[in-house]
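Residue-level listing of the chains:
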Amino acid sequence: ILCRSRDEVFVTGVDAGGKGLIAALYRGNAKDGFSPLVLKEHAASGGGFDRIFSALGEIFLTHTGGVDRGLYRLRGDAVEKVMSATGYAFGCAGNDQVLWHGNGIELLCFDGKTWKAVPRVWHDKTKA
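Owing to the predicted nature of the structure, the values given are computational and were not obtained by experimental measurement.

## A closer look at the overall build of the protein
Counting its secondary structure elements, the protein contains zero helices and 12 strands. Secondary structure elements in the protein, listed N-terminal to C-terminal, are β-β-β-β-β-β-β-β-β-β-β-β. The 128 residues of the protein split such that 37% are buried. Taking as baseline every contact in the protein between residues at least 6 positions apart, the subset at least 24 positions apart corresponds to 29%. Carbon and sulfur atoms form 53% of the exposed surface of the protein, whose accessible area is close to 7,800 Å².

Put into structure tokens, the structure is as follows:
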């Protein structure tokens, strides 16, 4: 759930309607109800939009299942894939200056122009 104001709330989920699995993004509020903004069919191998967050002045979503896993950006009433995830895509956060994306294998930082990988820190217990 992403609450931008009392009148604008976004909710992610999976719609298992008669057409198979559909990754869904709904927009609405408690007073007026919710309606689907994005419905994206995906492979039955799992997953759906499971995280939604604001970063860099935009709305981003993660999709953790199957070949569609990765990071997406909301563009009007559609989503565009920003990057494919090599691992799981659910570890994301951000603010107006930066987006952080941890995908289970690497930690990435995006400033709106450039992606940077954060080096891993390995603790070798055989060395003093």
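## A few points about the environment of Trp-100
In this fold, Trp-100 is placed in strand 10 (residues 99-102). Of the residues examined, Trp-100 reaches a relative accessible area of 35% and is grouped as partly exposed. Once the C-alpha coordinates of Trp-100 and Trp-115 are considered, the two residues, 15 residues apart in sequence, prove to be 9.6 Å apart. With residues near it in sequence (within four places) discarded, Trp-100 still touches Gly-91, Cys-92, Ala-93, Leu-107, Leu-108, Cys-109 and Val-118.

## Some remarks on the side chain of Thr-12
Here Thr-12 is to be found in strand 2 (residues 9-15). Owing to a relative accessible area of 18%, Thr-12 belongs among the buried residues under this scheme. Not counting residues up to four positions away in its chain, the partners in contact with Thr-12 are Ala-24, Leu-25, Phe-49, Asp-50, Ile-52 and Leu-61.

## What to know about the environment of Asn-29
The topology assignment puts Asn-29 in strand 3 (residues 22-29). Between the alpha carbons of Asn-29 and Ser-5 there is a distance of 9.0 Å; along the sequence they are 24 residues apart. In contact with Asn-29, other than residues within four places in its own chain, are Arg-6, Asp-7 and Phe-34. A distance of 3.1 Å separates a polar side-chain atom of Asn-29 from the backbone oxygen of Asp-7. A distance of 2.6 Å separates a polar atom in the side chain of Asn-29 from the backbone nitrogen of Asp-32.

## Looking at the sheet that holds strand 6 (residues 58-63)
Judged by pairing direction, the sheet is antiparallel, and its four strands sit side by side in the order 5-6-7-8 without closing on themselves. Unpaired on one side and paired on the other, strand 5 (49-55) and strand 8 (78-84) mark the two borders of the sheet. On average, each strand axis in the sheet is inclined to that of its neighbour by 30°, with strand direction left out of account. Alignment of strand 7 (residues 70-75) against strand 8, held across six bridges, turns out to be antiparallel. Within the sheet, the bridge partner assigned to Arg-73 lies in strand 8 and is Glu-80.

## A word on unusual backbone geometry
One non-glycine residue, Leu-56, lies in positive phi territory at about 55°. By relative accessible area, which is 18% here, Leu-56 ends up buried.

## Structural notes on a nonpolar patch on the surface
There is a patch of nonpolar side chains on the surface, built from Trp-100, Leu-107 and Val-118 and spanning about 230 Å² of accessible area. Along the chain, the position of Val-118 falls in strand 12 (residues 115-118). Under the relative-accessibility criterion, Val-118 is labelled partly exposed at 33%.

Cut-offs used in this document
- Residue numbers here run from 1 along each chain, matching the order of that chain's written sequence.
- For this predicted model, a pLDDT threshold of at least 70 governs which residues receive local features, and a threshold of 80 or more governs which side-chain atom pairs are given and counted, while totals over whole chains, interfaces and linings are taken from all residues.
- Calculated side-chain values reflect all of the structure's heavy atoms, with hydrogen atoms and water omitted.
- Each helix is a run of H or I in the DSSP string that is no shorter than four residues. Each strand is a run of E no shorter than two, and both are numbered from the N terminus.
- Using a 1.4 Å probe on the protein chains alone, a residue whose accessible area is under 20% of its type maximum counts as buried, one over 50% counts as exposed, and one in between counts as partly exposed.
- Between two residues, a contact is recorded if the distance between any of their heavy atoms is within 4.5 Å.
- Methods summary: accessible areas were calculated by the Shrake-Rupley approach with a probe of 1.4 Å, and residue burial reflects only the protein chains presented.
- Two N or O atoms count as a polar contact when they lie within 3.5 Å, although within protein this holds only if one can serve as hydrogen donor and the other as acceptor, and sequence-adjacent residues are included solely when both atoms are side-chain atoms.
- Two strands make a pair as long as DSSP finds a minimum of two bridges between them.
- For helices, the fitted axis covers only the stretch in contact; all axes are lines through C-alpha atoms, and the angles between them, taken along N-to-C directions, range from 0 to 180 degrees.
- Note on patches: the residues involved have over 30% relative accessible area and no salt bridge, like charges join within 9 Å, and the nonpolar side chains Val, Leu, Ile, Met, Phe, Trp and Tyr join within 5 Å.
- Any Lys or Arg side-chain nitrogen located within 4 Å of an Asp or Glu carboxyl oxygen qualifies as a salt bridge.

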